[in-house]
Amino acid sequence: MVITVASGKGGTGKTTVSTSLTVAISRQKTVSHVDLDVEEPDSNIFLKVPIKREEMIWLPLPVIDYEKCTFCGVCQRVCEYNAIFVFKNTKEVKVFDQLCRGCGACKEMCPYDAIYEVQRYIGIFSYGEKGNIRFYEGRLNVGEYVTTDAIRWVKRRLKKINDSEITVIDAPPGTSCPVIHSMKDADFVLLVTEDTPFGLFDMKLAYGVAKKMNKKMGIIINKALPGFTETREFAKKENVPVLMEIPFDRKFAKAYAEGITLSEYSDEFRERFEEVFSYIEKEVENA
Amino acid sequence: MLELAVVSGKGGTGKTTLTASLAVLIEHKVLADADVDAPDLHLLLKPVKESENPFYGMKKARIIQEKCSSCDICRQVCRFDAIEVINGKYVVDEVACDGCKLCFRKCPDKAIVMEDSLSGHWYVSRTPYGTMVHGLLEVGEENSGKLVTIIRKQAMFLAQKEGVPYVLMDGPPGIGCPVNSTLTGLKYAIVITEPTQSGLMDLERLLDLMEHFGVFPFVVINKYDLAESKSEEIREYVVKRGGKVAGMLPFEKIVVEALSRGEPIVQYAPSSRVTVEIKRIWDYIENEIKRGA
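Not measured: the values here are computed from a predicted model.

Peer 1: What should I look at first to understand helix α11 (residues 267-286) of chain A in this one?
Peer 2: In an α-helix, one full turn covers 3.6 residues, which means residues spaced three or four apart are oriented alike. Residues and elements named next belong to chain A. Relative to the 28 Å expected for 20 residues at 1.5 Å per residue, α11 spans 29 Å between its end C-alpha atoms, a close match to the ideal helical length. When we look at burial in α11, the residues that qualify are Phe269, Arg272, Phe273, Val276, Phe277 and Ile280. Taken end-on, α11 shows its buried residues confined to a sector of 145°, consistent with a single buried face. Across α11 from its buried face, at more than 90 degrees, point the exposed residues Asp267, Glu268, Glu271, Ser278, Lys282, Glu285 and Asn286. Close packing links the buried residues of α11 with β1 (2-6), α1 (14-26), β9 (188-194), β10 (216-224), β11 (242-247) and α10 (262-265).

Peer 1: Please clarify how helix α7 (residues 197-212) of chain A should be interpreted in this entry.
Peer 2: Spanning 16 residues, α7 of chain A covers 22 Å between terminal C-alpha atoms, matching the ideal 22 Å at 1.5 Å per step. Along α7 of chain A, the residues classified as buried are Phe198, Gly199, Leu200, Asp202, Met203, Leu205, Ala206, Tyr207, Val209 and Ala210 of chain A.

Peer 1: What is the right way to read the interface of chain A and chain B from this model?
Peer 2: One frequently used descriptor of interface size is the decrease in accessible area upon assembly of the parts. Taken together, the contact pairs 51 residues of chain A with 51 residues of chain B. For the side of chain A that touches chain B, the secondary-structure elements that each account for two or more residues are α4 (105-109), α5 (147-161), α6 (177-183), α7 and α9 (250-257) of chain A. Per-element accounting of the side of chain A that touches chain B gives the leading share, 8 residues, to α7 of chain A. When grouped by side-chain class, the residues that make up the side of chain A that touches chain B number 22 nonpolar, 15 polar and 14 charged.

Peer 1: Looking at this structure, how should I read the sheet that holds strand β8 (residues 166-170) of chain A?
Peer 2: What links the strands of a sheet is backbone hydrogen bonding, and the strands pair in either a parallel or an antiparallel sense. Residue and element names in this part refer to chain A. Read across the open sheet, the 9 strands follow the order β3-β6-β7-β2-β8-β1-β9-β10-β11; overall the sheet is mixed. Whereas interior strands pair on both sides, the edge strands pair on one side only; in this sheet they are β3 (51-64) and β11. The average undirected angle you get between the axes of adjacent strands in this sheet is 20°. Judged from the 4 bridges that link them, β10 and β11 form a sheet pairing that is parallel. Paired with Ile220 across the strands is Met244, a residue of β11. Relative to the sheet, α1 contacts β1, β2 (31-35), β7 (133-140), β8, β9 and β10, its axis offset from that of β8 by approximately 165°. Each of β1, β9, β10 and β11 is contacted by α11, which is oriented at about 160° to β11, the strand it contacts most.

Peer 1: Sorry if this is basic, but what is going on with the packing of helix α1 (residues 15-25) of chain B against helix α11 (residues 273-291) of chain B here?
Peer 2: When two helices pack together, their arrangement is given by the angle between their axes and by how far apart the axes lie. All names here are of chain B. Across the interface, α1 lies against α11 with an axial gap of 11 Å and an inter-helix angle of 70°. The orientation of α1 relative to α11 falls into the category roughly perpendicular. The handedness of the crossing between α1 and α11 is right-handed. Every residue of α11 that contacts α1 at Leu18, Ser21, Leu22 and Leu25 is listed here: Ile278, Lys279 and Trp282. Considering only residue class, the contact of α1 with α11 consists of 5 nonpolar, 1 polar and 1 charged.

Peer 1: It is not clear to me how the sheet that holds strand β3 (residues 48-56) of chain B should be interpreted in this structure. Could you clarify?
Peer 2: Residue and element names in this part refer to chain B. Judged by pairing direction, the sheet is mixed, and its 9 strands sit side by side in the order β3-β8-β9-β2-β10-β1-β11-β12-β13 without closing on themselves. Each edge of the open sheet carries a strand with a single partner, namely β3 and β13 (244-248). Going from strand to strand, the sheet's axes swing by 20° on average, the running direction of each strand aside. In this structure, strand β1 (residues 2-8) lies alongside strand β10 (residues 166-173), joined through 6 bridges in parallel fashion. In the strand pairing of β10, Ala5 is matched with Met169.

Definitions and cut-offs
- Residues numbered from 1 in each chain as written.
- Chains lettered and ligands numbered in written order.
- Predicted model: local features only at pLDDT ≥ 70, side-chain atom pairs only at ≥ 80, totals over all residues.
- Helix = DSSP H or I, 4+ residues; strand = E, 2+ residues; numbered from the N terminus.
- Expected span 1.5 Å × (residues − 1).
- Buried ≥ 20, exposed ≤ 12 C-beta atoms within 10 Å, placed from the backbone.
- Arc of directions from axis to C-beta.
- Contact = placed C-beta atoms within 7 Å.
- Nonpolar A, V, L, I, M, F, W, Y, C, P; charged D, E, K, R; others polar.
- Pairing = 2+ DSSP bridges.
- Axes fitted to C-alpha atoms, helices over the stretch in contact; angles between N-to-C directions.
- Parallel < 35°, antiparallel > 145°, perpendicular 65-115°, else oblique.
- Left-handed = near helix turned anticlockwise from the far one by under 90°.

As structure tokens, this is what we get:
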């Protein structure tokens, strides 16, 4: 079973919720926690899993074999990302690493077989274990554009090595491509929102994504404030259950600042996260 | 004319709250919301749309079933896992498709076409605080630096036309493609962070990126009193990196109240500690810019 924890807006408590859920589940069962928020992977600040293995995430990068190249310009024409330029006068071919998506078009289409590929490192994939928790993380190098590619890498690796029955995915914020990739395999999407018009507006966007993909959903309202009722009204209208409300309280903000999950902060919270998990389990079984 | 962006590595650190307050404080400017993935500035500034424009991203592949002979070549050459076989039929996963055209070029049956996909919209609007350019991506579209670039260009064009000294941008969170498009070519950016381990880690990554682009950071530490020693650690870190800490904002419930009422804090609570500090921060930054920091 795959549970993806998502939020339209950043900073709503997505990682607090995903790590608290993982910690609560791990009391009874083996659980894999996957941090797909590759631009800002923060889960392990809370989980504190020792990393056992690391490997580079890479994309293929074209290199020119000048022995064979005739500077015909085909590679430049077929590149949709403007990542390769042929300078006929100076007999030079320039590849702009950061623009290249590693699609292979230049190599495949080169009539002279003058392009080969090397590995361009774009990030790090890490794996670790602590008790019942299996931890996987993708971390994109600073200055890289290729978020989706790093996520794809982690997902491919997971397919091979993840054998836990339960997987919790910490998705990137937003509603774009990387989020879709993080939700694609989910049996249940847990939406985390904060109790403000911003939180609500962005949550609606994320809700739209999950709904389009026909996902089962539940909402956790963080920093809940009395007085702002629109989040609950939205949930009611759309018939999505609100599974938990975390009150707006300086105490929790402080626990967060110190890197403690709510499940460790108090037994009461741990039990509430266990209840959320039982609910999700039932929903998925009934599907 | 100067472009100024408010950015944050981590989401939810108070970026839009600060931008909206600056939008009230800076008298003459054009506003731009570069957070096209989850734009929020309009919730506070309540723009009235004057024009709506379509935005087309990368073309995506589509397979014409009648022509497809199921040779499997497209699936083999695609490096984005975007060709799926469903019930014996070859189809393109539009989300995964990156528009590289390799399948289109390699298909021996000429069964693949590349089609425009409407990826979003951008708007020019009026707000009580000046002209605003903003956009919204369709659900599930690629993080679009391209849309950010269009919004920036449009905002600069309007600022020149109106003869105002600033373009104030609300940037996207993260360090990916749209942030790159926001930072490139900027002289200064205001970075907002919070005193947490994730706040600091994300700040480090963002400052690396800004260094790469040659953008000078003015850092604001939000909710500094939640963890004062962490705030101090961040302050020292910023100074060590050659940036400047423009100020620190206290954790006040009234900020969230203003948010849930949908009003910029400097307007909602003009005498709150946060408002006073934001005013001081802007005076400081404007002075530093004038001195050519």
